[in-house]
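Summary of the model geometry
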Amino acid sequence: MRIPRILLKTLLVSLLITSCNSSDELVENQAVLLESNSVNKKEVTFEFIDLMKNKSFKSKTLNMLSRQKPSVKMSNILDETTGLSLKSESFNRLSTLTNKLEEKADSDNAPDKIEILEVWLHNPKKDMNVDELLFSYAPKGNEKDWKVIEAFTINKEVVYLDPKEAPNRPVIVIETNGFETLKKEVKFMNRYLREQGVQNNRFDTSKLDLKATSSRNAGLQTTKLDKIRLNDDEEPWISGAAEVYAITSGIKDGNNKPEIKIIPMYYLDYEDKDYYPNQILLFWDDYKYQAANIQLFEKDDNVNYKSLVSTIVSGVFQIIGTVSTQPWVNVLGQVAGAIIQAMPDSWYTNNDDYVDSFYTIEKNKNYRNYYGARGNARVNLSPFFVASN
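Residues numbered from 1 in each chain as written. Predicted model: local features only at pLDDT ≥ 70, side-chain atom pairs only at ≥ 80, totals over all residues. Heavy atoms only, no water.

1. Comments concerning the packing of aromatic side chains
A full pass over the atoms with the stated rule returns 11 aromatic pairs. The interplanar angle of 80° and the centroid separation of 6.0 Å between the aromatic rings of Phe 203 and Phe 283 together place this pair among those described as edge-to-face. With a gap of 80 residues between them, Phe 203 in the loop between helix H8 (179-195) and strand E9 (219-230) and Phe 283 in strand E12 (residues 279-283) connect regions that are remote in the sequence. Judged by its relative accessible area of 13%, Phe 203 is buried. We classify Phe 283 as buried; its relative accessible area is 0%. Members of the aromatic cluster, each reached through a chain of ring pairs, are Tyr 245, Phe 297 and Tyr 354. Of note, Lys 224 hangs over the ring of Phe 384, and the distance from its end group to the ring centre comes to 5.5 Å. Against the face of Tyr 289 rests Lys 288, its NZ or CZ located 5.8 Å from the ring centre. (Phe/Tyr/Trp six-rings, centres within 6.5 Å; stacked < 30°, edge-to-face > 60°. Helix = DSSP H or I, 4+ residues; strand = E, 2+ residues; numbered from the N terminus. Buried < 20%, exposed > 50% of the residue type's maximum accessible area, 1.4 Å probe, protein only. Lys NZ or Arg CZ within 6 Å of the ring centre and 35° of its normal.)

Next up, the structure:
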């Protein structure tokens, strides 16, 4: 029988306190998993290895990792294996940590840093040899400087892997800045854009708002992404699936004020693969003119999402005071340029973080096998009318 998560949290905390000799020991055990207010992925990896020594836990976890792509939340794994490891101190510590991180990410106040524990499986062979299984995590710092990837056996013996060439053996990877983290960050980034007056309230709810905003209320004119393919993103294998998002921009009124949205592309995991998302990217009721920009970026673990969106807004505001009398089409390009300039300098030496730009995409126009300015992304775009109910 599965225990409801709210009851599980109370039970786990109670068990953890009981298992420690004192409150000081409890604090010390939890502090090991956090380092300078950031998750210590190496220690989390060791705790997870301890859980994987339980045969039932291992079987259940490998089954979940094989079925769900690109990753599985650590909290989901713990929920599904409650009855198998309830008395384990490693289970209790990881459960307490995941609860703390997820509650922080769900707070009404935007945290300075968001980390969600996820787990994913690198499995190069159809039939996995469990005896060869390793456990690892992405190192800190610039990926261009990585010399080796530290991995561990089930006995916590260290094995060094090549950061550029994926190993020919299965590896379970602990992730803190992946798919789930991006979802939380995008929510707060869009909220900040609304607060700064450069985004309307279309994304004000957790679900995509497709309500028509035109005075005729007859429906919504959009442009949707039918197909997309990325070229080699040079992403190290240890970083797993890419976390790509789009920044769309257009001119919202006669004063040349910008409208900027951040749209996550959760499905866009790997290069050299066609994706058919049927995803709406441009909402034409949001713009005064019939052209807009679409720019693609990959989440950078080393860049703080709050400082990034703040820098984007500052860069755009710097040009607003000088463009009110310029032709709108010139301003459209300058807004896209300001977004690019706001990105960290390192993104231009690390090609995976800045993916590509599609400038001056027109309303009511089809685009087929259309390359971005960098030639790194190719898309099919089409007009799409959402009828009003």
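2. Let's talk about the pairing of strand E15 (residues 367-371)
Note that E15 and strand E16 (residues 377-387) share three bridges and pair antiparallel. By the bridge assignment for E16, Tyr 371 is matched with Arg 378. If you look at the hairpin formed by E15 and E16, you'll find five residues sitting between the two strands, and Gly 375 has a positive phi there, around 70°. (Pairing = 2+ DSSP bridges.)

3. Structural notes on the pattern of salt bridges
Applying the stated rule across the entire model yields 21 salt bridges. The salt bridge involving Asp 50 is made with Lys 156; its shortest N-O contact spans 3.1 Å. Of this pair, Asp 50 sits in helix H3 (residues 41-52) while Lys 156 sits in the loop between strand E6 (149-152) and strand E7 (158-161), and the two are 106 residues apart along the sequence. Judged by relative accessible area, Asp 50 falls into the partly exposed class, the value being 31%. Overall, Lys 156 belongs to the partly exposed group, its relative accessible area being 31%. Note that Lys 184 is salt-bridged to Asp 106, the shortest N-O span being 2.5 Å. Of this pair, Lys 184 sits in helix H8 while Asp 106 is found in the loop between helix H7 (89-105) and strand E4 (118-122), placing the two residues 78 residues apart along the sequence. Asp 106 gets classed as partly exposed once you look at its relative accessible area, which sits at 43%. Connected via shared salt-bridge partners are Arg 202, Lys 252, Glu 259, Lys 261 and Asp 286. (Salt bridge = Lys/Arg side-chain N within 4 Å of Asp/Glu carboxyl O.)

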